[in-house]
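Listed here are the chains, written in short residue letters.
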Amino acid sequence: MNHVFLGVEIGEPESARPAARPGPAASDCARAAKLAERGSLAFVTLGEVLTSRSDSAPGRQPLCQSRLNPVATLAHVAPQTTSIGLVATATVSYLEPFHVSKALATLDHVSSGRAGWCVQVSRSAEEAQLFGDRSARDLPSRYEEAVEFVEVVSRLWDSWEDGAEIRDAATGRFLDRARIRAVNHQGRYFQVKGPGIVPRPPQGHPVTAVRITSDEDLPLAARADMVFGRLERIAGTRPRLRGETRIIADLFVDCRGLPAGQWAWEAGGAAQIGDVRAFADFLEARARTGLVDGFRLVFADVTTELSRFVDEAVPELRTRRLVSPWGPGCRSFRERLGLPHTAPNSLVP
Amino acid sequence: MSTTGKAMHLAALFPSNQSAGWRDPRSGDHSDFATFTGLARTAERGLFDFFLLADYPRLTEHRGAVSEVGTAGELDQITVLSALSTVTERIGLVPTVNATFNEPFDVARRLASLDHFSNGRSGWNVVTTSNAWTGENFRRGGYLPHADRYQRAAEFVCAARTMWRSRAADGPGLFQHDGPQFRISGHFTVPAGPQGCPPTIQAGDSEQGREFAASHADVVYSRHRGRAGHAFAADIRSRTARQGRGADQVKIMPGVSFALGDTDEEARDNARAAQELAISPQLAICYLERTWGRDLSSHDPDGPLPDTDPERAPDPSEWPGIAAAEARSARAQKWRSYAAQHGLGIRQLVMKLTGGKPFVGTPARVAQQMTDYVRSGGADGFVLVPGYAPGGLDEFVDRVVPELQERGSYRTAYTGETLRDHLGQSTQS
C-alpha cells in the first residue's frame, strides 16, 4: 500500500520566533488544524517546552513548542475540527498519571476518538525547579519512571470497561460495578489504586507516541503506537518496535523566500530543493522503502507554509493516492492509522 | 444592609452530584460533549456569570465496593472547559481544582491556557482534600494532615498568583515562591490574558474555610439558605472587612435548586417529582444503610424505617469510615421519631433529608423570592443546580430570567467580556 500517514507540528520552532513575539496563539493552532484537516492530513502534533529556555546541549533543542498547555489547546481545537488526529505532548516527569490519564481520556471524549499523546521526559533541572523537585534524579531513572507512568495511565484507561455505564432505570443501577476494576499498581515510582474517574475513552487508549532522539527512548517507544524522529534516526528502528507501530519521520520544510513553485525540505540529513513533483517523488520513494510509514511536517513558519502545502502539494499527493481524506467508515484516529479502532482492555479477563 | 436595585449574579453548576437524577429520561450522557455544550449555552443565553464543574476525584463506594446507584464518573474539568471555550463566547468557565493533589505550576499553566483561549473567562474553584482514601491514587498518598489542608490551599493560590503576576507586558518574567508547602521558581511563559489573575471561587464552610474565603476568594459558593444564609453572609462580610477588602469584592452565591410550574401547586408537584427521581428506592436504602451499618435491602423502600437499632460494630472492611455507634444510634432515633410523626416511609424521609431549600413556584414567584433574598442581604446571587443536563436550565432561562429582568434585579445584557467584568470586579494584576 502506497498510502503515507501525514501529520504536521502546529507549534513553532523556538528559533523561528523573535524574542518579543509571544508563542503561537490558540487561534493560530486552531487555524492550522483546520487547514491540515482540509489538506487530508491524518494528525497534528503540538509540542511543549515548560520554560522559556531549553538546555543548550546539541540534539536536545526542542523541536517545537507551545507556551500553552498542549492537551488544553487541542481540546480547544477539537470542536473546530471533525476528523484530524490531535496529538498533545505531555512532559510526564513531574505530573500525576491519574491527572494525565483523565485529561487525555477527556480529549478523546470531546474529540469523538481523535486523541493522542506524545510522551516526553524532562531532561532539564530548570523544569524540575518549576515543580520544586529537588531529587536531582538521573536521566535513566527519569526514563524508567516514564515507562511506568505510561503503564499506569493505560491501566487507568482500562479500569472502566466499555459500557460500564448502564443507566438501568428499572433496577436503579447507573453503573455495573463488575465492569469497573481497581488498578492496584504498586511500582517503583507510583502507587495508584484506581479505578479511574473517566468513562473509558472512545478509542480505549488514545494513540501513544514517542519521539526518538536516542536509544534511551527505545523502551518507551517499544510500547508506543507511533514514533517520531529524524529520518536517519528512526529509519532502522522497526525491528526494535512492535509490529504495528507507525514510524513517522520528521520532514523539515522551509520555503520562506523561495520563488513560487519551489520547495525546500530536509530529511535524512540532506537538504533538497525542487518543484512539487520532486517533493512528492521524495515522499513516495521514502515510503516505498517500507522503513517509514509516514511523515510529520515541521515548517519553519507553520502559519504561512502549511497553507501553501495544502494548496499546492496536497493535490499532487492526492493524485498519487499518497493521502486520502478521513473516510466515512473511519471511526477513530486509531483506525485512521490502520490500527484496530479501539485498543484492547488489558484488565478484562 | 439594604441592597435595593443591586443586580444579582447567577451561575450554573453542571449536575453530577451522585443522585439518581440520571433516571430522568431527559438526562444526557455526561461524557458526551454535547451535554456540556447544551447546558453551557443555555446558561450563556441566560447571561450567567459562569459555568461551574465540580470534581469528585474518586468513585463513591458503598459497603466496600463501587456504588452503582448514583451518577458517577466525570470528564477532566479544565480539558472540557477548554473545549467549551470554543463554543461559548461570554460565560465564565470555572473548573474545580484540588489543591492537595496538584502542583501549582501545572494548574497555573493549564488555567492560564484556558484564560487565553477564552479571552479572559476562566476562574477556579479551589477545594481541599486531606483524606488518605483519595490519596491512594497519587504519588504521595494521604500525606496531608487535616488541619494543614487550608494552609496548603492558601499557599497554592498564592503561588499561582505569583506565577500569573510574574508576566510583564513584553514577556515572561522570573518567579519564585518559597513556603512550607512549595519551593518553586522559573519562568512562567503562558501569555497573560485581559483579566489578569483568574477569579477564585471557594466553597468551604469551616472556620478555616471561611477565613480562606475572606482572604482569597472572589466568590463564595455556599450551601446556606434562609436565615442560616443571612448569618453566613454577615459572617463572611465581617471577616472580609477585617481583611481590609471591600464588601463588593466577595460575591456570596449559595447553591440552590428550583422547580417551576404554571401554578404554585404544579411547581410543588414538579419539585416532588424531581426529588422522586433524585432519590431512587435503591439510593434511599443505601442512604439508610450508612447509618444502620447493615444490609437493609429486604426493607420496602416505601415502607417504615427499620425498628431495630443500628449495628454497633460493623465490619470496617464493609463499612469503612462509618460514624461512631453512638452518633448513628442517635441519628436513627431522631429519624425514626420524625418519620413516625410525619407518616414518612424510608424514601420519603431521605427525600426530606436531602431536599434542601429549593425555590419552588411560578416563574414570577421564584423571581420575587430570589430578588427579595438578594435585596435583604442574604446573598449576592445564586449558583443554580439543575436536576439534569443539557436541558435542565431551559425553563429557568426562558421564564424566570425575564421576570428577574423586569424587576430590575438582573442584567439585560453582558456588559463586559471577562469573568471579572461579569462579577463586577476590576482587573487584578
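About the cut-offs
Counting of residues starts from 1 at the beginning of each chain's written sequence and follows it residue by residue. Each chain takes a letter, starting from A, and each ligand takes a number, starting from 1, following the order in which they are written. Where local features are concerned, this predicted model is filtered to residues with pLDDT of at least 70; where side-chain atom pairs are given and counted, the filter is 80 or more; whole-chain, interface and lining totals use all residues. Residues are scored as being in contact if the C-beta atoms we place from backbone atoms lie within 7 Å. Helix and strand definitions follow DSSP, with helices as H or I runs of at least four residues and strands as E runs of at least two, each counted in order from the N terminus. Polar here means any residue outside two lists: the nonpolar Ala, Val, Leu, Ile, Met, Phe, Trp, Tyr, Cys and Pro, and the charged Asp, Glu, Lys and Arg; Gly therefore counts as polar. For the purposes of this analysis, a nonpolar core is taken to be any set of buried Ala, Val, Leu, Ile, Met, Phe, Trp, Tyr and Cys residues that are connected through C-beta atoms within 7 Å. As a rule, residues whose C-beta atom has 12 or fewer other C-beta atoms within 10 Å are exposed, those with 20 or more are buried, and those in between are partly exposed; C-beta atoms are placed from the backbone. A domain assignment, automatic or from a database, supplies the domain bounds used here. Here, any two strands with at least 2 DSSP bridges between them count as paired. When the strands point away from the viewer, a crossover counts as right-handed if the path from the first strand over the helix to the second runs clockwise. Helix axes use the C-alpha atoms of the stretch in contact, all axes being lines fitted to C-alpha atoms, and the angles between their N-to-C directions lie in the range 0 to 180 degrees. By definition in this entry, angles of less than 35 degrees are roughly parallel, angles greater than 145 are roughly antiparallel, angles of 65 to 115 are roughly perpendicular, and the rest are oblique. For any pair of crossing helices, the crossing counts as left-handed if the nearer helix is rotated counterclockwise from the farther one by less than a right angle, and right-handed if it is rotated clockwise.

Our next topic: the interface of chain B and chain A. Opposite the 58 residues of chain B that make contact, chain A presents 49 residues. Elements that contribute at least two residues to the side of chain B that touches chain A include exactly β4 (65-66), α2 (77-87), α3 (104-117), β8 (183-187) and α9 (281-292) of chain B. The residue inventory of the side of chain B that touches chain A, partitioned by class, reads 26 nonpolar, 19 polar and 13 charged.

All names here are of chain B. Considering the arrangement of structural elements, one finds T42 in helix α1 (residues 33-45). The sequence separation of T42 and D394 amounts to 352 residues, and the corresponding C-alpha distance is 6.4 Å. Filtering out sequence-adjacent residues up to four positions away, T42 remains in contact with L393, D394 and V397.

A:V44, A:L107, A:V227 and B:L384 are the most contacted members of the largest nonpolar core, which has 221 residues in total. A total of nine residues in this core trace back to one element, the largest contributor, which is helix α5 (residues 149-165) of chain B. When residues of this core are assigned to domains, at least three fall in each of domain 1 (9-257 + 356-423) and domain 2 (275-354) of chain B. Once residues within four sequence positions are removed from consideration, B:L384 is found in contact with B:L10, B:A11, B:A12, B:V256, B:F258, B:L393 and B:F396.

As a further point, take the pairing of strand β2 (residues 50-53) of chain B. Residues and elements named next belong to chain B. Alternating residues of β2 divide into F50 and L52 and F51 and L53, and every residue in both groups is buried. Pairing analysis gives three bridges linking strand β1 (residues 9-13) to β2, with the strands arranged parallel. Residue pairing in the sheet places L13 in a bridge with L52 of β2. At this point the chain moves from β1, through α1, to the parallel β2, and the crossover so formed is right-handed.

So, on to the environment of B:D372. All names here are of chain B. Position of D372 among the secondary structure elements: in helix α12 (residues 363-375). With 12 C-beta atoms counted inside 10 Å, the residue D372 sits in the exposed group. The spatial distance from the C-alpha of D372 to the C-alpha of S409 is 9.4 Å, given a sequence separation of 37 residues.

Moving on, we get to the packing of helix α8 (residues 276-288) of chain A against helix α9 (residues 302-319) of chain A. Between two packed helices, both the angle of their axes relative to each other and the distance between the axes serve to describe the pair. Residues and elements named next belong to chain A. At their nearest, the axes of α8 and α9 sit 10 Å apart, and the two run at 50° to each other. Of the possible angle classes, the one that applies to α8 and α9 is oblique. For the pair α8 and α9, the crossing hand works out as right-handed. Along its contact with α8, which presents V276, R277, F279 and A280, the element α9 presents E312, A313, E316 and L317. Looking at side-chain class alone, the contact of α8 with α9 contains five nonpolar, no polar and three charged residues.

Turning our attention to the domain arrangement of chain B. Residue and element names in this part refer to chain B. Here chain B is described as being made up of domain 1 (9-257 + 356-423) and domain 2 (275-354). With centres defined by C-alpha atoms, the gap from domain 1 to domain 2 works out at 32 Å. Counting residues at the interface gives 12 residues for domain 1 and 11 residues for domain 2. When grouped by side-chain class, the residues that make up the side of domain 1 that touches domain 2 number two nonpolar, seven polar and three charged.

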